[in-house]
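Chain and residue survey
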Amino acid sequence: MADNLPTEFDVIIIGTGLPESILAAACSRSGQRVLHVDSRSYYGGNWASFSFSGLLSWLKEYQQNNDIGEESTVAWQDLIHETEEAITLRKKDETIQHTEAFCYASQDVEDDIEEIGALQKNPSSGVSSTFTEVLDSACLPEESQSSYFNSDEMPAKHTQKSAGEISLEIADVDESVEKEKYCGDKTCIHTVSDKDGVKDESTSTVEDDANQPNRNRITYSKIVKEGRRFNIDLVSKLLYSQGSLIDLLIKSDVSRYVEFKNVTRILAFREGKVEQVPCSRADVFNSKELTMVEKRILMKFLTFCLEYEQHPDEYQAFRQCSFSEYLKTKKLTPNLQHFVLHSIAMTSESSCTTIDGLNATKNFLQCLGRFGNTPFLFPLYGQGEIPQCFCRMCAVFGGIYCLRHKVQCFVVDKESGRCKAIIDHFGQRINAKYFIVEDGYLSEETCLNVQYKQISRAVLITDKSILKTDSDQQTSILIVPPAEPGACAVRVTELCSSTMTCMKDTYLVHLTCSSSKTAREDLESVVEKLFTPYADIEINKEELTKPRLLWALYFNMRDSSGISRSSYNGLPSNVYVCSGPDCGLGNEHAVKQAETLFQEIFPSEEFCPPPPNPEDIIFDGDDKQPEVPGTNNTVIAKLQSSEESKNLESPEKHLQN
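Residues numbered from 1 in each chain as written. Predicted model: local features only at pLDDT ≥ 70, side-chain atom pairs only at ≥ 80, totals over all residues. Heavy atoms only, no water.

Remarks on the overall build of the chain
The test is simple: Secondary structure counts use DSSP, requiring at least four H or I residues in a row for a helix and at least two E residues in a row for a strand, with both numbered from the N terminus. For the exposure calls, accessible area comes from a 1.4 Å probe over protein chains only, and a residue counts as buried if that area is under 20% of its type's maximum, exposed if over 50%, partly exposed in between. Contact definition: two residues touch when any of their heavy atoms are within 4.5 Å. Note that accessible areas follow from Shrake-Rupley with a 1.4 Å probe, and for residues the cover is restricted to the protein chains shown.
The number of helices and strands found in the chain is 16 helices and 26 strands. Evaluated residue by residue, the chain yields a buried proportion of 59% over its 657 residues. Sequence separation of at least 24 residues holds for 74% of the intrachain contacts in the chain that already meet a minimum separation of 6. Here the chain has roughly 27,400 Å² of accessible surface; of this, 46% comes from carbon and sulfur atoms.

Given below as structure tokens:
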């Protein structure tokens, strides 16, 4: 039981984001006793993925600004000795701000809206009664054993079923459905009322015109009914095929728990139009957007970028210049400069130096061809799968997991200044040698001198792709240049239904940029350029070429990356801080941070070593075989279940083109 945990661990980790989950797996794999807790009811923190109703549940929670410690908790002050002091943790999650939701799809007249496959949720301990009444059907219950991998399911329970489960599949759910009582975001004035279909002025919807072209009519009711087809990421990222996260997944064999899909297109936005960018040599010479002269110039420049370090004379004089200025000196046409800057290097005109731009271009080119015709991969069922896969690995090697488990304070020894224990909301004191905590859990006093950045995010549901082709199953990435000098470019990722992130005949679109204002103020202009609100469709050909916008969510997320340890006040020497998601496209920062902290804590241990060879497994009672150094026999036997006794499959088998 969570209220009767063991009292001694080697490592206690608070928060289940990507860097914390990687650290948990690495520590457990090296033989450490790991306790991994999270006050939330789902894995991943700000790296999580949700079904549509799960996202509404998450949204409601943040807009109500719930106090995660509002229920009665055991007083912890009496557990602090005279030689000790307490460092309290934050009771409210303040990493998400300025949430605004808009419903543009028409609402059916039906009184009842049911979500297919929705199961009644067990109310979490930190959520108000009103919240759970409104959103009963948001999540899977704890006891559900469906392999439809929702963010509220527990990887530890999957390992109980089969520690060697390799891929995640959608299972048929025959249980009775729970009626969806929530339509839009009622606490946000821009969204739809759920009873009579009356909308606010800014989102008044109209029925489809019968004279409009034949396009599938997607209503809000249909989105809710198919809500479990959605897996909506809080943070939008892709995996570089030669990146550090892919290398770590393959090395540690965590890749067997997840499948990937290749990103099929790199797009560019120029002069108000969306165009496909040629990436490979074949794409360049088959492109109709480039002249023959441009093709030769581009191939020559890309060849130079692959080995630019061997020709320092070509760029030394421009080291202090921006990459955009450097490109102008290379005889590239404006068309080619735009492609290289925004769609290959994927940088901004003002902030990127020449060296950074050349390095980004080289990295892009080196990742081409490994798993497809673009450098990027996307995990099926969303980015939130990745933290859960590492949590599963930790559980397989003996880690203990507790969701909805709140930590009230750190217990610090006054003399040594080291943290000795935590006290949870049950009043239990749990001792450990090392403590790892997500930045969002630290108190305002601890973070008093920290200057945070913000990320502007938008999540859109649309009815067709931003660049229509013969295939409707395209996964694309697009960089929209800033409209004004000094502003940030906006990264757009469009996911089709084959990524298992949205229902059929819809697309899930993520927009991301560094914040200068609220998310809506930063991103709404880009949304208007690319999409037409469903309610504002007019009978003219220009507007009908744009995808229809069915539903939109804007929010700001805290970016705690790049903060030095010295910025935190009174942090004990054995307490280590992990940051939340950064604004970058890849996951390199999270992997590097996890590896750096692991080597700092356990300098003599290998970071996430390969799994043991099945031939070297020692089962209990087999005294004749030599013991595998540094590995517990029982844990190894658990790892190789009946399904895993076979040779481990190559990770590349799970990569789908």
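Still more to cover.
Looking at the layout of surface pockets
Spelled out, the test is: Site definitions follow a grid-based scheme: protein atoms alone, a 1 Å grid, a 1.4 Å probe that fits but cannot get out for cavities, and for pockets an open set with protein on both sides within 12 Å along at least five of seven lines, plus lining residues having an atom within 4 Å of a point. Grid points are joined across faces, edges and corners, and a volume is the space filled by probe spheres set on the points. Classes in brief: Ala, Val, Leu, Ile, Met, Phe, Trp, Tyr, Cys and Pro nonpolar; Asp, Glu, Lys and Arg charged; the others, Gly included, polar.
Roughly 870 Å³ of volume is contained in the largest pocket. In terms of lining residues, the largest pocket is bounded by 27 residues, among which Met 346, Thr 347, Cys 583, Gly 584 and Leu 585 are the most central. Residue contributions to the lining of the largest pocket peak at four residues, all from helix H11 (residues 354–367). Class assignment of the residues belonging to the lining of the largest pocket gives a composition of 14 nonpolar, 10 polar and three charged. Volume-wise, the second largest pocket comes out at about 420 Å³. Mapped onto the lining of the second largest pocket, the elements with two or more residues apiece are strand S22 (507–514) and helix H13 (519–530). Element by element, the count of residues in the lining of the second largest pocket is highest for H13, at five residues. Each residue belonging to the lining of the second largest pocket can be placed in one class, and the counts come to eight nonpolar, four polar and five charged.

Focus on helix H10 (residues 334–344)
Judged by how many residues are buried, H10 sits mostly within the fold: 10 of 11 residues are covered. Burial in H10 covers these residues: Asn 335, Leu 336, Gln 337, His 338, Phe 339, Val 340, Leu 341, His 342, Ser 343 and Ile 344. Packed against the buried residues of H10 are strand S11 (265–270), strand S12 (273–276), helix H8 (292–306), helix H9 (323–328), H11 and strand S20 (476–480). Downstream of H10 by one or two residues, Met 346 has phi in the positive range, about 55 degrees.

Overview of the sheet that holds strand S15 (residues 407–413)
Hydrogen bonds between backbone groups are what pair the strands of a sheet, and the pairing can be parallel or antiparallel. Selection criterion: Should DSSP find at least two bridges between two strands, the strands are taken to pair. A fitted line through C-alpha atoms represents every axis, and for helices the fit uses only the stretch in contact; the resulting angles, taken between N-to-C directions, go from 0 to 180 degrees.
The four strands lie next to each other as S4-S15-S16-S17, forming an open sheet whose pairing is antiparallel. Only two strands of the sheet have a single partner each, and these edge strands are strand S4 (84–88) and strand S17 (429–431). The average undirected angle you get between the axes of adjacent strands in this sheet is 30 degrees. Here S15 runs beside strand S16 (residues 419–424); their pairing, made up of five bridges, is antiparallel. Within S16, the position partnered with Phe 410 by the bridge is Ile 422.

Focus: the packing of aromatic side chains
Within a pair of aromatic rings, the relevant descriptors are the distance that separates the centres and the angle that separates the planes. This is how it is decided: Think of it this way: a Phe, Tyr or Trp ring, Trp meaning its six-membered ring, pairs with another when their centres are within 6.5 Å, and the plane angle makes it stacked under 30 degrees, edge-to-face over 60, tilted otherwise. Only when the NZ of Lys or the CZ of Arg is both within 6 Å of the ring centre and within 35 degrees of the ring normal is a charge said to sit over the ring.
For the structure on display, the rule yields 20 aromatic pairs. Measuring from ring centre to ring centre gives 5.0 Å for Phe 52 and Trp 551, while their planes differ by 75 degrees; the resulting arrangement is edge-to-face. With Phe 52 in helix H2 (residues 52–64) and Trp 551 in strand S24 (residues 548–559), this pair connects stretches of sequence that are 499 residues apart. For the pair Phe 52 and Trp 551, a shared accessibility class is recorded, and that class is buried. Between Tyr 308 and Tyr 315, the ring centres sit 5.5 Å apart and the planes meet at 65 degrees, which makes this aromatic pair edge-to-face. With respect to burial, Tyr 308 and Tyr 315 carry one shared label: buried. Aromatic ring contacts, followed pair by pair, group Tyr 42, Phe 50, Trp 58, Tyr 62 and Phe 555 into a single cluster. If you follow Lys 330 out to its NZ or CZ, it ends over the ring of Phe 304, 5.0 Å from the centre.

A short note on unusual backbone geometry
A positive phi is found at Met 346, a non-glycine position, where the angle reads about 55 degrees. On the secondary structure map, Met 346 appears in the loop between H10 and H11. Positive phi, close to 45 degrees, is recorded for Cys 608, a residue that is not glycine. A relative accessible area of 0% places Cys 608 in the buried class.

Details of the sheet that holds strand S1 (residues 11–14)
The five strands are arranged S14-S2-S1-S18-S25 in an open sheet whose pairing can be described as parallel. One side of each edge strand has no neighbouring strand; the edge strands of this open sheet are strand S14 (400–402) and strand S25 (575–578). Strand-to-strand twist of the sheet, defined as the mean angle between neighbouring strand axes without regard to direction, takes the value 15 degrees. Across the sheet, helix H1 (residues 18–29) touches S1, strand S2 (34–37), S14, strand S18 (434–438) and S25, and the angle it forms with S2 is around 160 degrees. Across the sheet, helix H15 (residues 588–601) lies against S18 and S25, angled at about 170 degrees from S25, the strand it touches most.

What to know about the nonpolar core
What counts here: Nonpolar cores were defined as sets of buried Ala, Val, Leu, Ile, Met, Phe, Trp, Tyr and Cys residues, with membership established by side-chain atoms within 4.5 Å. Bear in mind that the domain bounds are from an automatic or database domain assignment.
Residues Phe 52, Trp 58, Phe 301, Phe 323, Phe 376, Trp 551 and Leu 553 are the most contacted members of the largest nonpolar core, which totals 72 residues. Looking at which domains feed residues into this core, each of domain 1 (8–92 + 381–450 + 562–601) and domain 2 (280–367) supplies at least three. Sequence-distant contacts of Phe 52, defined by excluding residues within four places in its chain, comprise Tyr 220, Ile 223, Val 224, Gly 227, Phe 230, Ile 232, Ile 461 and Trp 551. Listed in part, the 48 residues of the second largest apolar core include Ile 13, Ala 24, Cys 394 and Ala 590.

Quick word on the confidence of the model for the chain
Selection criterion: pLDDT measures the predictor's confidence residue by residue and takes values from 0 up to 100.
Confidence along the chain averages 78 in pLDDT terms, with 73% of residues attaining 70 or more. In the predicted structure, residues 67–72 sits below a pLDDT of 50 and forms 16 contacts with residues beyond four places in sequence or in another chain. Within the model, the stretch residues 624–657 combines pLDDT values under 50 with 70 contacts to residues more than four positions away or in other chains.

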